[in-house]
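# Structural characterization, general
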Amino acid sequence: MNRTTNDRIFAVGALVLIAAVWVAGAARESADLMPVVLRTVPEAGHTTRIDTGLYSAWTDAGDTTLIARIAIGTDDGYGGPLRVAVAVDPSGTLIGIAL
């Protein structure tokens, strides 16, 4: 193969790699946040998403007593996005935090 053919193969490979990384980044960005939510309130048996970045937690699915509200904030860090989950009980006391 000549140099022009090698350059074209390299260019196509680079474009495919860029596209793959872009798709992987998009999938990673929308990853499920439930494990982070559950780390803030381990005693929660039932958790429901209320809104984007806002969850409610109860001891079990049939319980009507709210244990906590969990809010998730996101910002850019040096190595990528940082997600912080903060749980507060109904009285407003901080009961859990997870990065």
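Keep in mind it's a predicted model, so treat the numbers as computed, not measured. In this numbering scheme, every chain counts its residues from 1 along its sequence in written order. Whole-chain, interface and lining totals are the exception, using all residues; otherwise, since this is a predicted model, local features are given only for residues with pLDDT of at least 70 and side-chain atom pairs are given and counted only at 80 or more. The side-chain quantities take in all heavy atoms of the structure and omit both hydrogens and water.

### Considerations on the side chain of Thr40
Going by this rule: We count a stretch as a helix when DSSP gives it H or I for four or more residues in a row; a strand needs E for two or more, and each element gets its number in order from the N terminus. Note on exposure labels: buried denotes an accessible area under 20% of the residue type's maximum, exposed denotes more than 50%, and partly exposed covers the range between, all computed with a 1.4 Å probe on protein chains only. Any two residues whose heavy atoms approach within 4.5 Å at even a single point are treated as in contact.
For Thr40, the position within the fold is in helix H2 (residues 34-40). You can call Thr40 buried: its relative accessible area is 3%. Thr40 has contacts with Ile70, Ala85, Ala87, Ile95, Gly96, Ile97 and Ala98, leaving out every residue within four places of it along the chain.

### Here's the deal with the pairing of strand E1 (residues 46-51)
For the record, the criterion: Strands qualify as paired when DSSP identifies two bridges or more between them.
Relative to strand E2 (residues 54-58), E1 runs antiparallel, the two sharing five bridges. Paired with His46 across the two strands is Trp58, which belongs to E2. Hairpin connection of E1 to E2: two residues between the antiparallel strands, including Gly53 at a positive phi of 80°.

### Description of the confidence of the model for the protein
The criterion, for reference: The pLDDT value expresses, per residue, how confident the predictor is, ranging between 0 and 100.
Of all residues in the protein, 92% have pLDDT values of 70 or greater, and the mean over the chain is 83. Here helix H1 (residues 3-29) is the element of the protein with the lowest mean pLDDT, 78, and strand E5 (residues 94-98) is the one with the highest, 91.

### Looking at the side chain of Thr47
Within the element layout of this structure, Thr47 appears in strand E1. With sequence-adjacent residues up to four places away left out, Thr47 is seen in contact with Met34, Val37, Leu38, Tyr55, Ser56 and Ala57.

### Concerning the nonpolar core
Let me state the cut-off plainly: Buried residues of nine kinds, namely Ala, Val, Leu, Ile, Met, Phe, Trp, Tyr and Cys, make up a nonpolar core once their side-chain atoms join them within 4.5 Å.
Judged by nonpolar contacts, the single largest core of 14 residues is most densely connected at Val41, Tyr55, Ile70 and Ile72. Those elements that place two or more of their residues in this core are H2, E2, strand E3 (66-77) and strand E4 (80-88). For this core, the element with the highest residue contribution is E3, accounting for four residues. With residues up to four places along the chain from it excluded, the contact list for Ile72 reads Leu33, Val37, Gly53, Tyr55, Val84 and Ala85.

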